[in-house]
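Okay, here's what each chain looks like letter by letter:
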Amino acid sequence: QVQVVESGGGLVQAGGSLRLSCAASGSIYSIDTMGWYRQAPGKQRELVAHITSGGSTNYADSVKGRFTISRDNAKNTVYLQMNSLKPEDTAVYYCNAIIVRDSGYKYLYWGQGTQVTVSS
């Protein structure tokens, strides 16, 4: 079994910062790409950022220069540092991870989501 669990969401004023964490645990051989997505009410889920096992990153244009994704491979954990938050960043943030099992097969796992609310 594999679990992916996010933490760190909450309520913050515009201009503030939050740091999200996402830890994968269980029967894991290795982890490929890890990413953060978000879904605002009435909108589709969208990519925020992702990071490969080698540390290459990709960001949505809307968060470039404000958000930073990083990972600790020893802890199977990915982080999202969010600065200069705006009300339009309000959403449920989801973590995902492409996990390689002992069988050698890769599977995509999602966390349950964490709410981020930015007040104006």
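The preceding data block contains the structure.
Computed from a prediction, not measured in an experiment: that's the story for all the values here. (Residues numbered from 1 in each chain as written. Predicted model: local features only at pLDDT ≥ 70, side-chain atom pairs only at ≥ 80, totals over all residues. Heavy atoms only, no water.)

So, the overall build of the chain
Right, on to step 1. For the chain, the count of helices and strands is zero helices and eleven strands.
Right, on to step 2. Listing the helices and strands of the chain from first to last along the sequence gives β-β-β-β-β-β-β-β-β-β-β.
Right, on to step 3. Computed over its C-alpha atoms, the radius of gyration of the chain comes to 14 Å, within 12% of the 14 Å expected for a compact globule of 120 residues.
Right, on to step 4. For the chain, the spread of C-alpha atoms along the principal axes amounts to about 50 × 25 × 25 Å.
Right, on to step 5. Looking at the chain as a whole, 42% of its 120 residues qualify as buried.
Right, on to step 6. Summarising the internal contacts of the chain: among those between residues at least 6 apart in sequence, 55% fall at separations of at least 24. (Helix = DSSP H or I, 4+ residues; strand = E, 2+ residues; numbered from the N terminus. Rg over C-alpha atoms; globule rule 2.2 N^0.38 Å. Buried < 20%, exposed > 50% of the residue type's maximum accessible area, 1.4 Å probe, protein only. Contact = heavy atoms within 4.5 Å.)

As for the side chain of Thr 114
Right, on to step 1. Secondary-structure assignment places Thr 114 in strand 11 (residues 114–119).
Right, on to step 2. Only 3.3 Å separates the side chain of Thr 114 from the backbone nitrogen of Gly 9, close enough to count as a polar contact.
Right, on to step 3. Not counting the four nearest positions on each side in its chain, Thr 114 is found in contact with Glu 6, Gly 8, Gly 9, Leu 20, Ala 91, Val 92 and Tyr 93. (Polar contact = N/O pair within 3.5 Å; in protein donor to acceptor, adjacent residues only side chain to side chain.)

A short note on the pairing of strand 8 (residues 77–82)
Each regular strand carries side chains that alternate between the two faces of the sheet.
Right, on to step 1. Counting buried positions over the six residues of strand 8 gives five, a clear majority of the element.
Right, on to step 2. Pairing of strand 3 (residues 18–26) with strand 8, which is carried by six bridges, proceeds in the antiparallel orientation. Across the sheet, the residue bridging to Ser 21 is Tyr 79, located in strand 8.
Right, on to step 3. The sheet contact formed by strand 7 (residues 67–72) and strand 8 spans six bridges and is antiparallel. Bridge assignment links Arg 71 to a residue of strand 8, and that residue is Val 78.
Right, on to step 4. Where strand 7 folds back on strand 8, the antiparallel hairpin that results is connected by four residues, among which Asn 76 adopts a positive phi of roughly 50°. (Pairing = 2+ DSSP bridges.)

Looking at the sheet that holds strand 1 (residues 2–7)
Right, on to step 1. Taken together, four strands build an open sheet; the order of strands is 1-3-8-7 and the sheet is antiparallel. Pairing within the sheet leaves two strands with one partner each, and these edge strands are strand 1 and strand 7. On average, each strand axis in the sheet is inclined to that of its neighbour by 15°, with strand direction left out of account. (Axes fitted to C-alpha atoms, helices over the stretch in contact; angles between N-to-C directions.)

Overview of the side chain of Arg 38
Right, on to step 1. Tracing the backbone shows Arg 38 in strand 4 (residues 30–39).
Right, on to step 2. Looking at Arg 38, the relative accessible area reads 6%, which means it is buried.
Right, on to step 3. Among the polar contacts made by the side chain of Arg 38, one reaches the side chain of Ser 62 at a distance of 3.4 Å.
Right, on to step 4. Here the side chain of Arg 38 touches Asp 89 through a polar contact of 2.9 Å, side chain to side chain.
Right, on to step 5. With residues up to four places along the chain from it excluded, the contact list for Arg 38 reads Gln 44, Arg 45, Glu 46, Val 48, Ser 62, Val 63, Phe 67, Glu 88, Asp 89, Ala 91, Val 92 and Tyr 93.

Let's talk about the packing of aromatic side chains
Right, on to step 1. Evaluated as defined, the whole model comprises one aromatic pair.
Right, on to step 2. Pairing Tyr 37 with Trp 110 gives two aromatic rings, centres 5.1 Å apart and planes at 65°, and the pair type is edge-to-face. One end of the pair, Tyr 37, is in strand 4; the other, Trp 110, is in strand 10 (residues 106–110), with 73 residues separating them in the sequence.
Right, on to step 3. Residue Tyr 37 is classed as partly exposed on the basis of its relative accessible area of 23%. (Phe/Tyr/Trp six-rings, centres within 6.5 Å; stacked < 30°, edge-to-face > 60°.)

Some points on the nonpolar core
It is characteristic of soluble globular proteins that their nonpolar side chains tend to be buried jointly.
Right, on to step 1. Formed by 32 residues in total, the largest nonpolar core has its most connected members in Trp 36, Leu 80, Met 82, Tyr 93 and Ile 99.
Right, on to step 2. The set of elements that each furnish at least two residues to this core consists of strand 1, strand 3, strand 4, strand 5 (46–51), strand 7, strand 8, strand 9 (91–100) and strand 11.
Right, on to step 3. Residue contributions to this core peak at five residues, all from strand 9.
Right, on to step 4. In contact with Tyr 93, other than residues within four places in its own chain, are Glu 6, Leu 20, Trp 36, Tyr 37, Arg 38, Val 48, Phe 67, Leu 80, Met 82, Gly 113, Thr 114 and Val 116. (Core = buried A, V, L, I, M, F, W, Y, C linked by side-chain atoms within 4.5 Å.)

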